[in-house]
Amino acid sequence: MELCLSLDEESEMWSAMGDVDTVETQILGAVMQNYDYRLRPGMNKRTLDVDVSLWVYNIGPISETAMNFRIDFYFSQTWVDPRLDFSASVCNQTNVTFTMNMDQPVWFPDTYFPNALEAETHSVTQENKAVWLQSDGRVTTSSRVTITSRCPMEFKYFPLDVQSCDMRFLSYGYKERDLRMNWHKEHPIEIEKDVTIAQFTLLQTKRNQSTMTFHHGTYSCLVVTFTFQRNVGYYLIQTIIPSVLCVSLSWVSFFITRDATPARASLGITTVLAVVTLIASDSWSLPRISTIKAIEVYLFACLLFVFGALIEFSAVCYFSKPRFDFRKTDLDNDHYMETPLTEKMLPVNENDELAHPSRKPEKPQRRQFAGIDVGKIDVFSRFAFPISFLLFNVVYWMYYLMITRQEVSKHTSGNEFIDAL
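Definitions and limits used
Throughout, residues of each chain are indexed from 1 in the direction in which the sequence is written. A pLDDT threshold of at least 70 governs which residues receive local features in this predicted model, and a stricter bar of 80 or more applies before side-chain atom pairs are shown or counted, although totals over entire chains, interfaces and linings include all residues. The side-chain values count all of the structure's non-hydrogen atoms but skip hydrogen atoms and water molecules. Defined by distance alone, a disulfide is two cysteine sulfur atoms within 2.5 Å. For helices the rule is a DSSP run of H or I covering at least 4 residues; for strands it is a run of E covering at least 2, with both sets numbered from the N terminus onward. Burial status follows relative accessibility: with a 1.4 Å probe on protein chains alone, a residue under 20% of its type maximum counts as buried, one over 50% as exposed, and anything between as partly exposed. Like-charged residues within 9 Å of one another, or nonpolar side chains (Val, Leu, Ile, Met, Phe, Trp, Tyr) within 5 Å, are grouped into patches, provided each residue has over 30% relative accessible area and no salt bridge. Using the Shrake-Rupley algorithm and a 1.4 Å probe, accessible areas are obtained, with residue cover drawn only from the displayed protein chains. Throughout this description, the term salt bridge denotes a Lys or Arg side-chain nitrogen within 4 Å of a carboxyl oxygen of Asp or Glu. The criterion for strand pairing is that DSSP finds at least two bridges linking the strands in question. In this description, a nonpolar core means a group of buried Ala, Val, Leu, Ile, Met, Phe, Trp, Tyr and Cys residues linked to one another through side-chain atoms lying within 4.5 Å. Note on definitions: a residue-residue contact is assigned when non-hydrogen atoms from the two residues lie within 4.5 Å.

**Q** Just to check I follow, could you spell out the state of the cysteines for this structure?
**A** Chemically, a disulfide is nothing more than a covalent bond linking the sulfur atoms of two cysteines. Per the stated rule, a full pass over the model turns up one disulfide. Disulfide pairing places cysteine 151 opposite cysteine 165 at an S-S distance of 1.9 Å. Here cysteine 151 and cysteine 165 share a disulfide; its torsion about the S-S bond, -70°, makes the bridge left-handed. Of this pair, cysteine 151 sits in the loop between strand E7 (138-150) and strand E8 (162-171) while cysteine 165 sits in strand E8, and the two are 14 residues apart along the sequence. As far as the burial class goes, cysteine 151 and cysteine 165 line up, both buried. This cysteine, cysteine 302, is not joined by any disulfide, and cysteine 246 carries the nearest cysteine sulfur, 8.3 Å off.

Below, the structure written as structure tokens:
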């Protein structure tokens, strides 16, 4: 018998009869009378299409050391199950809403995330899952999911790098000929506008439909790719600017007199140790890989500059020492041994020096470096080191900023994509 009465009339009728069941209960009881939830809709007749949509409300943190990222989203799936069609039974009832933990379950896709390291559904205060059943047998499920997924990263251009992280969906048991995953036509992926990620900016979200082949068959697969660009501001403050200050501090030794050996030595050694500490702290925050990173290129260049200032100080100290002609001194000693004793015993002059009749005291000669006076080495270094460091910075930042633009263009190219909101 068809139930074409209005909902109010039905409710009044069931209340008068003392029946506490609602319209939804009557519908579920009717459509599930001979329902077998173990069999997929259209078994052995057609390929079942499952439409998937995501609503992302949080991304992060992104871990460089573990090479993974965390994402929180609402996961919705829609498909048509002809066995749940109740359009011919209740004229005015278009949909039914219930939770998944009901006594008579319906069939659900066995969707899983192959590259997920951890996955969980939320259950506060109740299990965050719901099912909407429409009169034509269309079923829509929604659940709140948190996933920690693998994200292989390339650190060659760190911290000016661009990273792409994938998340995949496919059926665990149903092959491509039985179940086909599709993106929802109207709302495939939506991202909340206030989503913020520490140290990263979400450039783009791309979606794709593909397949994954295993030894036991081929499966329909959906792929969503998130493209992130690292914010360099943190590393400018924590690493780049301190290293520039250390290099600049090493130039102070060029303005200190070369006779102040302890001051110049301590300043040179301190700046070298400071840059070495910055290199070590950078290595602790990243996985141990053999690739030379962009920030390591910069830090090692800074290390060379401060070490060069220390070497310059050592050269100045060495060539500033007085040089004596020891060979000539030996000849004078031989001549002194041959002179009579009366000539040796001469009175001492006012400077307490023996008045030797055969030689006059000579001034010590200062060493020269490549024919250049040692005193000019510091003057030359005061200009050579800052100009060289400035040229290095110009070349370094021009090269890596150009590489960053190329990386952004490479990662954001494609036809099917959604710009980050």
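From this point, the discussion proceeds with the structure in view.
**Q** Help me out: how do you make sense of a nonpolar patch on the surface in this one?
**A** A surface patch of nonpolar side chains, about 410 Å² in accessible area, is lined by Val379, Phe383, Ile387 and Leu391. Within the secondary structure, phenylalanine 383 sits in helix H8 (residues 375-411). According to the relative accessible area criterion, phenylalanine 383 is exposed, its value standing at 55%.

**Q** Honestly, the pairing of strand E11 (residues 200-214) in this entry has me stumped. Any pointers?
**A** For a regular strand, the rule is simple: side chains alternate between the two faces of the sheet. Both E11 and strand E12 (residues 217-230) contribute to a ladder of 14 bridges, which runs antiparallel. When the bridges of E12 are listed, glutamine 204 appears paired with threonine 227. Connecting E11 to the antiparallel partner E12 that follows it, the hairpin turn spans two residues.

**Q** How do you make sense of the pattern of salt bridges when you look at a structure like this?
**A** When the charged atoms of two side chains lie near each other, side chains of opposite charge can form a pair. As enumerated under the stated definition, the model contains 12 salt bridges in all. We note a salt bridge from arginine 230 to glutamate 64, for which the minimum N-O separation is 2.5 Å. Linking arginine 230 in strand E12 with glutamate 64 in the loop between strand E1 (48-63) and strand E2 (68-80), this pair joins segments that are 166 residues apart in sequence. Assigned by exposure class, arginine 230 and glutamate 64 land together as buried. Within the structure, one salt-bridge network assembled from shared partners comprises Glu64, Asp161 and Arg230.

**Q** It is not clear to me how the nonpolar core should be interpreted in this structure. Could you clarify?
**A** Soluble globular proteins tend to pack their nonpolar side chains together in the buried interior. Counting residues in each nonpolar core, the largest one holds 77 residues, and the members touching the most others are Ile59, Ile71, Phe73, Met167, Phe169, Phe226 and Phe228. Among the elements that take part in this core, helix H5 (residues 294-320) stands out by supplying 12 residues, more than any other. If near-sequence neighbours (up to four positions away) are discounted, phenylalanine 226 is found in contact with Val56, Ile59, Phe69, Ile71, Gln163, Ser164, Cys165, Met167, Ile191, Leu202, Gln204 and Thr205.

**Q** Would you take a moment to explain the pairing of E2 for this structure?
**A** In terms of burial, E2 is largely enclosed, as 10 of its 13 residues are buried. Pairing of E1 with E2, which is carried by 10 bridges, proceeds in the antiparallel orientation. Counted as the bridge partner of leucine 54 is phenylalanine 75 from E2. Where E1 hands over to E2, the hairpin turn is made up of four residues, of which methionine 67 adopts a positive phi near 55°. Two strands pair when backbone bridges link them, and E2 and E7 are joined in this way by 13 bridges, in the antiparallel orientation. Residue pairing across strands places arginine 70 opposite threonine 148, the latter belonging to E7.

**Q** Would you mind going over the environment of asparagine 34 with me for this structure?
**A** Secondary-structure assignment places asparagine 34 in the loop between helix H2 (23-31) and E1. In this structure asparagine 34 comes out as exposed when scored by relative accessible area, which is 75%.

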